[in-house]
Amino acid sequence: MPTFLHLTLAILTIASAASPPTSYSNHTVGDKAGWFFDSATNTSAFNYSSWAASQTFNLGDFLIFNTNSNQSVIHTFNDTTFKSCSTDDDSDNDDTIQYGGGSTAFGEPLTIAVPLVIEGSNYFFSDADDGFQCEHGLAFEIQVNHGLGLPPSLNQPPPPPYKSPPGPQSPPITIPVGSESESETPSNSGCGFNDDDYVRVRRFAVAAVCFAVASIAVY
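Residues numbered from 1 in each chain as written. Predicted model: local features only at pLDDT ≥ 70, side-chain atom pairs only at ≥ 80, totals over all residues. Heavy atoms only, no water.

Time to look at the sheet that holds strand S9 (residues 120-125). Reading across from one edge, S4-S10-S9-S6-S7 is the order of the five strands in this open sheet, with mixed pairing throughout. Two strands in the sheet have a free side with no partner beyond their single neighbour: strand S4 (57-58) and strand S7 (96-99). In this structure, S4 lies alongside strand S10 (residues 139-145), joined through two bridges in parallel fashion. From the neighbouring strand, Phe 57 faces S10, where its bridge partner is Val 144. (Pairing = 2+ DSSP bridges. Helix = DSSP H or I, 4+ residues; strand = E, 2+ residues; numbered from the N terminus.)

Structure below.
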C-alpha cells in the first residue's frame, strides 16, 4: 500500500515533468563524444538516437555539433530524405538544410549551431561517403515541443517582396488645340492624302480601297 510519502513524491515528479520551460537550452550533440564517425571501425562515435531520447527539445533551442569537415550536418523535416540518407531525391530542398558546407580541408574542426525553429519531427544525419555514415549510425530524430515559442531573434517576419524603383518618366506632350499631329493617320471616311511619311507608306493601299469603292458606285 503506497504511503503518503510515496504519493507526494509521485505528484512532485509529475508536476516537475509537466512544468513548462523557463529558458532556452543549448544541446551538445553526443555530449563529449561530439559528432564523429570512425572510418576504421565503420561506426559512429556515439549512440545518437539514445542521446536524443534522453533530451527535451523546444522551439528556440540550439543543437551544437562539435565535429570536423569529415562529417556533414544535414537537417531535414522530410522523413523520406532521412531514411534514404541522401539529399539526392529532395528536388526542391525546401525542407532540407545542409550546415557547414564549403570546406575543402580534411579534418578541419567545426562547431555548428543549429536552431530549432519547426515544431514536431526534426531529422539529422551525415550524408558523407554517399550516405554510408548515416547508414551506420550517424543519424537521429528528435521531437521539438512548443516550449516558450520562438524568441524574437528567430521569429522575424520575411522581408517584403522586392519592387524595382520607378524609372524616369517622359514629360507629357501638349498638342495645341486645332492643330493636327504629324503622325496622325488619315480618316477612314475619305481618300485624301497628306505628305506625311507615315501616310505615304500606306498610300497605295488606301488608293486601292478608294478605287474599289468608286468602281462599285459607278457599276
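Further notes follow.
Across the chain, the bulk of peptide bonds are trans and the bulk of non-glycine residues have phi less than zero. Residues other than glycine seldom take positive phi values, yet Asp 31 does so here, at roughly 50 degrees. Secondary-structure assignment places Asp 31 in the loop between strand S1 (26-28) and strand S2 (37-38).

Here we come to the side chain of Ser 44. Structurally, Ser 44 can be placed in strand S3 (residues 43-44). Engagement of the side chain of Ser 44 in a polar contact is seen with the backbone oxygen of Phe 46, the distance being 2.9 Å. Setting aside residues up to four positions removed in sequence, Ser 44 forms contacts with Phe 36, Phe 37, His 136, Gly 137 and Leu 138. (Polar contact = N/O pair within 3.5 Å; in protein donor to acceptor, adjacent residues only side chain to side chain. Contact = heavy atoms within 4.5 Å.)

Read these as geometric descriptors, not functional statements.
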